[in-house]
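Coordinates in review
The residues making up each chain are set out below.
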Amino acid sequence: MDDENSISRLNEIGRKALEGLEKISEASDLERWKVENLGRSAPVMEIFSHLTGLDSTMRPLVGQAANRLKQQLEKAYGEREQVIKTAQLKNSLETETLDISLPGRQPGVGRLHPVTQTLRQITDVFSGMGFQVYRSREVETDEFSFGLLNIPPYHPARDMWDTFHTTTPGVVLRPHTSPGQIHVMRQFCPEPIRAILPGMCYRYEQMDARHESQLMQVELLVVGREISLGNLKGTLQEFARGMFGAEVRTRFRPSYFPFTEPSGDMEIECFICSGKGCRVCSKTGWLEILGCGMVHPTVLQNGGYDPEVFSGFAAGMGVERVAMLRHHVEEIRYFYGNDVRFLEQF
Ligand SMILES: [Zn+2]
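Heads up: these notes are all about the structure in this document. (Residues numbered from 1 in each chain as written. Predicted model: local features only at pLDDT ≥ 70, side-chain atom pairs only at ≥ 80, totals over all residues. Heavy atoms only, no water.)

1. Observations concerning the overall build of the protein
Along its length, the protein carries 11 helices and 10 strands. Over its C-alpha trace the protein gives a radius of gyration of 43 Å, far above what one expects of a compact globule, namely 20 Å for 346 residues. Referenced to the eigenvectors of the C-alpha coordinate spread, the extents of the protein come out at roughly 125 × 45 × 40 Å. Burial analysis of the protein (346 residues in total) assigns 43% to the buried set. Intrachain contacts of the protein at a sequence separation of at least 6 include 68% that bridge at least 24 residues. Here the protein has roughly 20,000 Å² of accessible surface; of this, 50% comes from carbon and sulfur atoms. (Helix = DSSP H or I, 4+ residues; strand = E, 2+ residues; numbered from the N terminus. Rg over C-alpha atoms; globule rule 2.2 N^0.38 Å. Buried < 20%, exposed > 50% of the residue type's maximum accessible area, 1.4 Å probe, protein only. Contact = heavy atoms within 4.5 Å. Areas by Shrake-Rupley, 256 points an atom, 1.4 Å probe, with all protein chains shown as cover.)

In structure tokens, the structure reads:
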């Protein structure tokens with residue numbers, strides 16, 4: 001190849017390359033063009049490898065011209081690349097419509113179930129008096145649910161709890177939280193106990209506005225030396241004040257439970273009619289909140305405590321009932337109906 005030819009060949013290479021570049025509108029074609037015109041075996045690179053065969057005066061001229069062409073092609077490539085990228089972006093903005101003015105979807109914010117909220121308030125009040133929470137099992141034996149609580153088989157008091165029996169003889173879904181009394185006593189005997197035992201209970205009930213087949217109960221147990229009925233009344237009155245307001249009036253009425261002696265119910269003055277009598281309090285002016293009593297000596301003994309030395313009191317209440325009174329809910333079945341329209345009001 002002579003010197004004149006080298007220069008005109010360079011011109012020819014440049015013209016062809018730039019012409020080809022003009023027509024390119026796709027990124028993949030551009031990439032191929034780069035390999036063909038700036039790659040290791042591109043025509044302009046061939047010129048470089050033939051430089052050694054040239055006349056010594058022409059060699060630098062051809063070399064410089066080849067360098068210029070290479071730089072020119074690189075610059076043209078960069079410009080074309082920019083044009084194609086801009087066109088691609090414009091195209092995707094036009095075709096892939098994203099309306100950023102559309103308001104986003106508001107995610108639903110969860111909250112605690114009204115029964116859980118009420119249970120936590122109850123727990124708070126008792127925590128303030130030094131009570132600890134003790135959790136007990138939901139599937140129980142007949143012995144813990146009844147026998148050890150002074151309710152032997154065939155005792156008529158069993159009718160107070162319509163119990164779900166499992167197919168395993170002697171195994172039931174606990175109908176109340178009281179079996180936990182025996183568990184906590186056996187675990188901590190002979191230490192004194194001040195505990196609340198919350199949990200779900202199950203009853204084979206005829207369901208209506210006041211009865212559900214499942215209910216959340218809170219049990220209360222205090223065991224120690226010289227625990228008196230006065231301690232029971234003071235503690236439960238303090239609870240009523242913490243839960244329903246400092247001004248709330250309470251009264252105790254005799255009742256019957258096999259595992260306490262004596263037994264009673266605590267009522268609070270109806271806060272809807274202030275004691276005058278209304279539909280909620282059945283015109284009595286009082287609302288029953290919980291059942292309570294001094295722990296029966298037999299139950300203390302079954303828990304491991306000597307009833308000659310130790311005494312105690314217990315109480316139990318339905319959390320749904322407390323929630324119904326506080327929020328003026330008239331239908332217990334709403335709590336487990338899973339209707340968000342009801343649940344989101346709390
Ligand atoms: Zn009332």
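2. A few points about the sheet that holds strand E3 (residues 164-165)
Strands sit in the order E2-E4-E3 across an open sheet of 3 strands; the sheet is antiparallel. Lying at the two open borders of the sheet, with one neighbouring strand each, are strand E2 (139-141) and E3. Sheet analysis places E3 next to strand E4 (residues 171-173), joined by 2 bridges and oriented antiparallel. Of the residues in E4, the one forming a bridge with Phe164 is Leu173. (Pairing = 2+ DSSP bridges.)

3. Details of the coordination of the zinc ion
Looking at the metal site, the zinc ion is ligated by Cys270 (SG), Cys273 (SG), Cys278 (SG) and Cys281 (SG), spaced 2.2 to 2.3 Å from it. For the zinc ion, the donor residues sit on a single chain with the sequence spacing C-x2-C-x4-C-x2-C. On the basis of relative accessibility, which here comes to 10%, the residue Cys273 falls in the buried class. (Donors = N, O, S within 2.8 Å, 3.2 Å for Na, K, Ca; no water.)

4. Notes on the packing of aromatic side chains
The tally for this structure, following the rule as stated, stands at 13 aromatic pairs. Aromatic pair Phe126 and Phe131: ring centres 5.2 Å apart, planes at 65°, arrangement edge-to-face. No difference in accessibility class separates Phe126 from Phe131, as the two residues are buried. Here Tyr134 and Phe188 contribute two aromatic rings whose centre-to-centre distance is 6.4 Å and whose plane-to-plane angle is 75°, an arrangement assigned as edge-to-face. Here Phe188 lies in helix H7 (residues 179-188) and Tyr134 lies in the loop between strand E1 (132-133) and E2, a separation of 54 residues in the sequence. (Phe/Tyr/Trp six-rings, centres within 6.5 Å; stacked < 30°, edge-to-face > 60°.)

5. Points about the nonpolar core
Within the largest apolar cluster, 47 residues are counted, with the highest numbers of intra-cluster contacts made by Phe126, Phe239 and Leu290. Per element, the largest residue contribution to this core is 6 residues, and it comes from helix H8 (residues 229-244). Excluding its chain neighbours within four sequence positions, the residues that come into contact with Leu290 are Leu236, Phe239, Gly264, Asp265, Met266, Ala315, Gly316 and Met317. Residues Tyr134, Met185, Phe259 and Val299 belong to the second largest nonpolar core, which totals 24 residues. (Core = buried A, V, L, I, M, F, W, Y, C linked by side-chain atoms within 4.5 Å.)

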